[in-house]
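# Descriptive analysis of the structure
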Amino acid sequence: MSQNAYETGRLNLPFVGHCTFAKQPICTDWDNINADVAVLGVPYDMGTQYRSGARFGPRAIREASTLFSFGHGGAYDFEDDTVYLPTDRVKIVDMGDADIVHTDTVKSHENTRYAVRKILRSGALPVILGGDHAVHAPVIEAFAGQEPVHIVHFDAHLDFVDERHGVRYGHGNPLRRASETGHVTSMTQLGIRNVSSSNRSDYEAAQNFGSKILSVRHVRKLGTQGVLDLIPKGARYYVTIDIDGFDPSIAPGTGTPSHGGFLYYEVLEILQGLTRQGRVVGMDLVEVAPAYDPTGITGFLAAQLLMNFLGFIFEARHQSGR
């Protein structure tokens, strides 16, 4: 049974000490990642078409995540009557950031793939903090050679552009690049809406690949279980979350806000359902740009969502013995 760390050790309040993800230990030796979860920042935002600033997303999410680090031996949820992320069963490490080389997309993505492959070889679950959504492309490419995955994508935008003016690795391209990998079998894209999302040919290309595309209103009409019924059961899931999938009333800190987005529990309940019908093998959360949110609530939303999702993942694995 996990014990509360503050009962015998330091109080270690959120604003004290080193600012790692949830104040978890640092792992700088990428050849010896001994953990269940490895958190990696990818502070890259050279793929943005409008407002930059997501390069500071990993720092913002890490800082916000210290709120959830009071030293409890796990997080007790009275609704589920469950202690999530018990410290004696789930070990999380923060391995810092992929090396980003300014103006060099090719090298930055190469360094990102390298870091993610280190996580996968260790057997840990990769949790990637973006950065703009362009970082998803090298992250999912790093899964080459593994069993196939189904991508579950939360976003206001389809991100299925093939090429514009020679650009193939911007933040409008990553799901198209993912569809070309060979180890991504299909996708479910949720929250897609409004002007600027994409054009008809991109939607047709996504649907021809095997993507199910739902707007926020579609999701609300179907309900959580109705959405889950459309996602292949028993699959290996990779989850990519663009923070602009949420409504800007709760997530203003992003470069391309789009009104009419998700609220917190709409996404959280789908994520929890995924853990009960398949195996989550990786995730990224992208496009947090803290400069546009002086309150910091976007970073708190991102951190809280990730922490709860991790809790659901490892509780489901514990219950199933997987």
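Everything numeric here is computed off the predicted structure, so don't read it as measured data.

## Comments concerning the environment of Arg 177
One can find Arg 177 in helix α4 (residues 174-179). A C-alpha to C-alpha distance of 9.0 Å links Arg 177 and Pro 138, two positions 39 residues apart in sequence. If we ignore the near neighbours within four places in the chain, the residues touching Arg 177 are Ala 137, Val 161, Asp 162, Arg 168 and Tyr 169. Here Glu 180 takes part through its side chain, which lies 2.9 Å from a polar atom of the side chain of Arg 177.

## Description of the nonpolar core
Where a protein is soluble and globular, its nonpolar side chains tend to be buried together. Counting residues in each nonpolar core, the largest one holds 52 residues, and the members touching the most others are Phe 21, Phe 154, Val 239, Met 283 and Leu 310. Among the elements that take part in this core, helix α8 (residues 297-320) stands out by supplying 11 residues, more than any other. Discounting chain neighbours no more than four positions away, the residues touching Met 283 are Leu 125, Pro 126, Val 127, Ile 128, Tyr 238, Val 239, Leu 306, Phe 309, Leu 310 and Ile 313. Ile 128, Ile 140, Leu 158 and Tyr 238 belong to the second-largest nonpolar core, a separate cluster that totals 37 residues.

## Looking at the sheet that holds strand β1 (residues 37-42)
One open sheet holds the eight strands; their spatial order is β4-β1-β5-β10-β9-β6-β7-β8, and the pairing between them is parallel. The strands lining the two open edges of the sheet, one partner per strand, are β4 (92-97) and β8 (211-214). For this sheet the average axis-to-axis angle between neighbouring strands, irrespective of direction, equals 15°. Sheet analysis places strand β9 (residues 236-242) next to strand β10 (residues 279-286), joined by seven bridges and oriented parallel. By the bridge assignment for β10, Ile 241 is matched with Leu 285. Against the sheet, helix α6 (residues 216-228) engages β7 (184-190) and β8, with an angle of about 120° to β8. Here α8 sits on the sheet in contact with β1, β4, β5 (125-130), β9 and β10, set at roughly 175° to β10.

Conventions and cut-offs
Residues numbered from 1 in each chain as written. Predicted model: local features only at pLDDT ≥ 70, side-chain atom pairs only at ≥ 80, totals over all residues. Heavy atoms only, no water. Helix = DSSP H or I, 4+ residues; strand = E, 2+ residues; numbered from the N terminus. Contact = heavy atoms within 4.5 Å. Polar contact = N/O pair within 3.5 Å; in protein donor to acceptor, adjacent residues only side chain to side chain. Core = buried A, V, L, I, M, F, W, Y, C linked by side-chain atoms within 4.5 Å. Buried < 20%, exposed > 50% of the residue type's maximum accessible area, 1.4 Å probe, protein only. Pairing = 2+ DSSP bridges. Axes fitted to C-alpha atoms, helices over the stretch in contact; angles between N-to-C directions.

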